[in-house]
Amino acid sequence: MSLTDKAIDRIRELIQSGELAPGAKLSPEPQLAAELGLSRNLTREAVKALVVSRVLEIRRGDGTYVTSLEPELLLSGVGSAVELLRGDTLLELTEVRRLFEPVATALAATRISDAALAEVERHLDAMRAAREDVERLNEHDAAFHRTVIAATGNATLSALLEGISSRTVRARIWRGLVDDNAAARTVAEHEAIYRALADRDAALAQAAALMHVTTTEHWLRAHWEREDGRSPLDLAAADARTPP
């Protein structure tokens, strides 16, 4: 372990112990270094690393503070990491989604409010109207699932599932589904999820979500190799690097 890593761990220990609570202001750098028994350079590097990971935030002209440490903040980096994954590793994400999302959808069926259900229906209607507009299908598909998972009331679960849902991969999938004339079938899968939520039927909601994620996974595996030898997921990564 490097000296910088040890410095990071020392500050994290203060946060974990409650000595530095969410929203607390850290001592000025010279004092903080003395308190930690570290050099100012090591302390500075540790603070920078914790700022990048959203544990600390620097308020210009005011000082350095512990963030709220809320799940959506601390786990926000998952999505950035996902966008960098390549090859078979990205297929593993669909397996993770298959493990988590159906159970989360079942939980949502028991907790979803009328307002949230109306929001889910709005995105479903937008998907029906989008027909072959990949950008709109992608936008409302993401919002549909985000609203469903948010209805669980579990911020950690929402942040995790949001993180593993790559927008560029999702766009590539929708483009492929449209090309394969399978978009209508996929929208129908969303309709089944909505009906189960509207009925507050947890078992049916879980089954509908499992069917949806599984068919998406099967599509990915069936279309894994393209004519140029690259997977649709690698092409999605290329799309992300190509200016519109």
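Residues numbered from 1 in each chain as written. Predicted model: local features only at pLDDT ≥ 70, side-chain atom pairs only at ≥ 80, totals over all residues. Heavy atoms only, no water.

Trainee: Please set out the overall build of the chain residue by residue, giving values where relevant.
Mentor: Helix and strand content of the chain: 13 helices and two strands. By the burial criterion, 43% of the 244 residues in the chain qualify as buried. Counted over contacts in the chain with a minimum sequence separation of 6, partners at least 24 positions apart contribute 68%. Accessible surface for the chain amounts to roughly 13000 Å². Of this, 53% is attributable to carbon and sulfur atoms. (Helix = DSSP H or I, 4+ residues; strand = E, 2+ residues; numbered from the N terminus. Buried < 20%, exposed > 50% of the residue type's maximum accessible area, 1.4 Å probe, protein only. Contact = heavy atoms within 4.5 Å. Areas by Shrake-Rupley, 256 points an atom, 1.4 Å probe, with all protein chains shown as cover.)

Trainee: Go over helix α8 (residues 134–150), please, and point to the residues and values.
Mentor: The first and last C-alpha atoms of α8 sit 24 Å apart over 17 residues, in line with the 24 Å expected at 1.5 Å per residue. Counting buried residues in α8 gives 12 out of 17 residues, a clear majority hidden from the surface. Along α8, the residues that are buried comprise V134, L137, N138, H140, D141, A142, A143, F144, H145, T147, V148 and I149. N-cap assignment for α8: the residue whose side-chain oxygen lies 3.2 Å from the backbone N of E135 is D133. (Expected span 1.5 Å × (residues − 1). Polar contact = N/O pair within 3.5 Å; in protein donor to acceptor, adjacent residues only side chain to side chain.)

Trainee: Lay out a nonpolar patch on the surface with the relevant residues and their values.
Mentor: Nonpolar side chains collect at one region of the surface, where V96, L99 and F100 lie side by side and expose about 270 Å² of accessible area between them. Structurally, F100 is set in helix α6 (residues 88–111). Overall, the relative accessible area of 40% leaves F100 in the partly exposed class. (Patch = residues over 30% accessible without salt bridge, like charges linked within 9 Å, V, L, I, M, F, W, Y side chains within 5 Å. Salt bridge = Lys/Arg side-chain N within 4 Å of Asp/Glu carboxyl O.)

Trainee: Describe in detail the nonpolar core, supporting the description with residues and values.
Mentor: I112, V120, L137, F144, V148, W174 and L197 are the most contacted members of the largest nonpolar core, which has 40 residues in total. For this core, the secondary structure elements donating two or more residues are α6, α7 (114–130), α8, α9 (155–163), α10 (167–179), α11 (183–198) and α12 (202–222). In contact with I112, other than residues within four places in its own chain, are L117, V120, A151, L197 and R200. By size, the runner-up hydrophobic cluster in this structure holds 15 residues, among which are I8, L14, L36 and V55. (Core = buried A, V, L, I, M, F, W, Y, C linked by side-chain atoms within 4.5 Å.)

Trainee: Lay out the pairing of strand β2 (residues 63–66) with the relevant residues and their values.
Mentor: One ladder, built from four bridges, connects strand β1 (residues 56–59) with β2; its direction is antiparallel. Each residue of the ladder has a partner; that of L56, found in β2, is V66. Linking β1 back to β2 in an antiparallel pair, the connection comprises three residues, with G61 at a positive phi of about 80°. (Pairing = 2+ DSSP bridges.)

Trainee: Lay out the environment of R136 in plain terms, naming residues and giving numbers.
Mentor: Following the sequence through the fold, R136 ends up in helix α8. Sequence separation between R136 and H123 is 13 residues, and the spatial gap between their C-alpha atoms is 10.0 Å. Other than its neighbours up to four places away in sequence, R136 contacts A126, A129 and A130.

Trainee: Tell me about the packing of aromatic side chains, and please be specific about residues and values.
Mentor: Tallied over the full model, the rule gives zero aromatic pairs. The cationic tip of R59 hangs over the ring face of Y65; the distance from NZ or CZ to the ring centre is 3.8 Å. (Phe/Tyr/Trp six-rings, centres within 6.5 Å; stacked < 30°, edge-to-face > 60°. Lys NZ or Arg CZ within 6 Å of the ring centre and 35° of its normal.)

Trainee: Summarise unusual backbone geometry; cite the residues concerned and give the values.
Mentor: Unlike most non-glycine residues, R54 shows phi in positive territory, near 70°. Of note, R54 is situated in the loop between α3 (40–52) and β1.

Trainee: Residue-level account of the side chain of T147, with values.
Mentor: Position of T147 relative to the elements: it lies in helix α8. With residues near it in sequence (within four places) discarded, T147 still touches A116, E119, V120 and H123.

Trainee: So what's going on with the environment of L161? Residues and values would help.
Mentor: Mapped onto the fold, L161 is located in helix α9. Given the relative accessible area of 6%, L161 is considered buried. Each C-alpha atom of the pair L161 and G79 lies 9.3 Å from the other, and the pair is 82 residues apart in sequence. Among residues more than four places away in sequence, those in contact with L161 are F100, E101, A104 and I149.

Trainee: Tell me about the side chain of T105, and please be specific about residues and values.
Mentor: Mapped onto the elements, T105 comes out in helix α6. Taking the relative accessible area as the measure of exposure, T105 reaches 3% and is therefore buried. The contacts of T105, once residues within four sequence positions are left out, are V148, I149, I193, L197, A205 and A209.

Trainee: Tell me what's going on with α7, and back it up with residues and numbers.
Mentor: Counted at 1.5 Å a residue, the expected span for α7 with its 17 residues is 24 Å, and the 24 Å between its end C-alpha atoms agrees. Positive backbone phi, at 55°, marks R131, one or two positions downstream of α7.

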